[in-house]
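# Examination of the molecular architecture
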Amino acid sequence: MQSAPNRELRQAAEALKNGQAIGLPTETVYGLAADARNAEAVARIFQIKGRPFFDPLIVHLASLDEVPQYAAEWPEQAQKLAEKFWPGPLTLIVPKKSIISDLVTSGLPHVALRVPAHPLALALLREFGGPLAAPSANRFGRISPTTAAAVREELGAAVPLVLDGGACAIGLESTIVSFASETTTILRPGGLSREAIEEVIGPVKFTDKISVPPGAPLTAPGTLAQHYAPRTPLRLIADLREVDLVHRASCGLLGWGELDETGFAMVRNLSPQRSFTEAAANLFRYLRELDHADLTQIIAVKLSGHDLGLAINDRLSRASH
Ligand code: TXA
Ligand code: MG
């Protein structure tokens, strides 16, 4: 007899073959996955998320061996990074082959590829036997889900099936490295640090989308100035002394290390020991918890800006409004 997990995997693969979109755990955040070769299935992702069609999707593969089926070119640097960090929190943007639906890339000639490290994601990719387009499984612009329950909370009945793979180990989206122009560029900081990438291929450019001048073309259209947003207004500050006691009483506090918690209505410490990996894993869950607490404002304190702190500060600054 087939064990329960296997039955669920087969059901999920079957749903994907029928053009459905399903909730998928990865080591970074949960994704909303559909067949990347099926335009109608991909359109369903955009519809469920309320995502604009100009924002392209990442295609997930079971292994590096599948790359030649989908990439029209594969630079040596991409090969080096993939060998070192796949499966893992790294997305590589390269010229695409036509088998990938244009809807996936929003008409761009390049495709974003990633091999995720979560065992359940890999098992499903093998069972399904094809490429899966999957953005984070949240409504457009909102906090990314890091548990199956958060996916259901975000997308509800619109998604027939959510595979439950527990809490995401990394908790931040993948780092996106683009080979679309002459210079290798990090388009989105994420679960793999810039330092780790540069150790393998040397110096890379880093583009902070917030600083793109108005009217300039966006190379990663999804990296918008406001994203990952809770409903509660979030203010990002460098120093807690900026917030007086009267104000604190109706606010939540999100920070790390030794925090002056005096007077806040609610406190979430991302990592008392200042571990970047712990802070990343807690980030979206804590944002969600604070967002549910009926506060007038969430005060977030910046982390130090190296290693994964760069990606965490990036998410916090886009969450602020
Ligand atoms: O960790 C992750 O990357 C998660 C999990 C589910 O794999 N996925 C994820 O997808 O974060 P999403 O859709 O939330 O973010 C994908 C980002 C967007 O900013 C999008 O604009 C960019 O990748 N992107 C995708 N394809 C691209 C392309 N061909 N050229 C430029 N940017 C691209
Ligand atoms: Mg997203």
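Bear in mind that the values here come from a model prediction, so they are computed numbers and not experimental data.

Conventions we followed
Residues numbered from 1 in each chain as written. Chains lettered and ligands numbered in written order. Predicted model: local features only at pLDDT ≥ 70, side-chain atom pairs only at ≥ 80, totals over all residues. Heavy atoms only, no water. Phe/Tyr/Trp six-rings, centres within 6.5 Å; stacked < 30°, edge-to-face > 60°. Helix = DSSP H or I, 4+ residues; strand = E, 2+ residues; numbered from the N terminus. Buried < 20%, exposed > 50% of the residue type's maximum accessible area, 1.4 Å probe, protein only. Lys NZ or Arg CZ within 6 Å of the ring centre and 35° of its normal. Pairing = 2+ DSSP bridges. Axes fitted to C-alpha atoms, helices over the stretch in contact; angles between N-to-C directions. Contact = heavy atoms within 4.5 Å. 1 Å grid on protein atoms, 1.4 Å probe; cavity = no way out; pocket = protein on both sides within 12 Å on 5 of 7 lines; lining within 4 Å. Points joined across faces, edges and corners; volume = space filled by probe spheres on them. Nonpolar A, V, L, I, M, F, W, Y, C, P; charged D, E, K, R; others polar. Polar contact = N/O pair within 3.5 Å; in protein donor to acceptor, adjacent residues only side chain to side chain. pLDDT = per-residue confidence, 0-100.

Here the focus is the packing of aromatic side chains. Applying the stated rule across the entire model yields three aromatic pairs. The interplanar angle of 35° and the centroid separation of 4.8 Å between the aromatic rings of F46 and F53 together place this pair among those described as tilted. A centroid spacing of 6.0 Å and a plane angle of 35° characterise the contact between W74 and W86, whose relative ring orientation is tilted. Remark: W86 occurs in the loop between helix 4 (76-85) and strand 4 (90-95) and W74 occurs in the loop between helix 3 (67-70) and helix 4; sequence separation between them is twelve residues. W74 sits in the partly exposed class, given a relative accessible area of 24%. Take W86: its relative accessible area is 9%, and that puts it in the buried class. We note R268 situated over the ring of Y286; from NZ or CZ to the ring centre the distance is 5.9 Å.

Turning to the sheet that holds strand 10 (residues 234-237), a few remarks are in order. Hydrogen bonding along the main chain pairs the strands of a sheet, whether they run parallel or antiparallel. Reading across from one edge, 10-13-11-12 is the order of the four strands in this open sheet, with parallel pairing throughout. Sheet topology places strand 10 and strand 12 (266-269) at the edges, where each strand pairs with a single neighbour. Strand-to-strand twist of the sheet, defined as the mean angle between neighbouring strand axes without regard to direction, takes the value 20°. Direction of pairing for strand 10 relative to strand 13 (residues 297-301): parallel, over a ladder of four bridges. Residue pairing across strands places L236 opposite A300, the latter belonging to strand 13. Packing against the sheet, helix 10 (residues 308-319) makes contact with strand 10, strand 11 (251-255) and strand 13, and its axis sits at approximately 135° to strand 10.

Our focus in this paragraph is empty space enclosed by the protein. For the structure on display, the rule yields one cavity of 30 Å³ or more. For the largest cavity, the full set of lining residues is T175, I186, P189, G190, L192, S193, R194, D307, L310 and A311. Across the lining of the largest cavity, the residue classes tally to five nonpolar, three polar and two charged.

Within strand 13, five of the five residues are buried, leaving the element largely enclosed by the surrounding structure. Of the two faces of strand 13, the one holding Q297, I299 and V301 and the one holding I298 and A300 are both buried throughout. Examined bridge by bridge, strand 11 and strand 13 share four bridges and lie parallel to one another. Residue pairing across strands places G252 opposite I298, the latter belonging to strand 13.

The next thing to look at is helix 2 (residues 39-49). Along an α-helix, a turn takes 3.6 residues, which lines up residues three or four apart on a common side. Regarding helix 2, the residues found buried are A41, V42, I45, F46, I48 and K49. Packing partners of the buried residues in helix 2 comprise strand 2 (31-35), strand 6 (132-133) and helix 6 (148-155). Capping the start of helix 2, N38 holds a side-chain oxygen 3.0 Å from the backbone nitrogen of E40, two or three residues further along. Positive backbone phi, approximately 70°, marks G50, located one or two places after helix 2.

We now examine the confidence of the model for the protein. Per-residue confidence for the protein gives a mean pLDDT of 93, with 93% of residues at or over 70. For the stretch residues 210-217, pLDDT sits under 50, and the model shows four contacts to residues farther than four places along the chain or on other chains.

What follows deals with the environment of Q273. Secondary-structure assignment places Q273 in the loop between strand 12 and helix 9 (276-291). We classify Q273 as exposed; its relative accessible area is 68%. Residues Q273 and G257 lie 16 residues apart in sequence; the distance between their C-alpha atoms is 5.6 Å.

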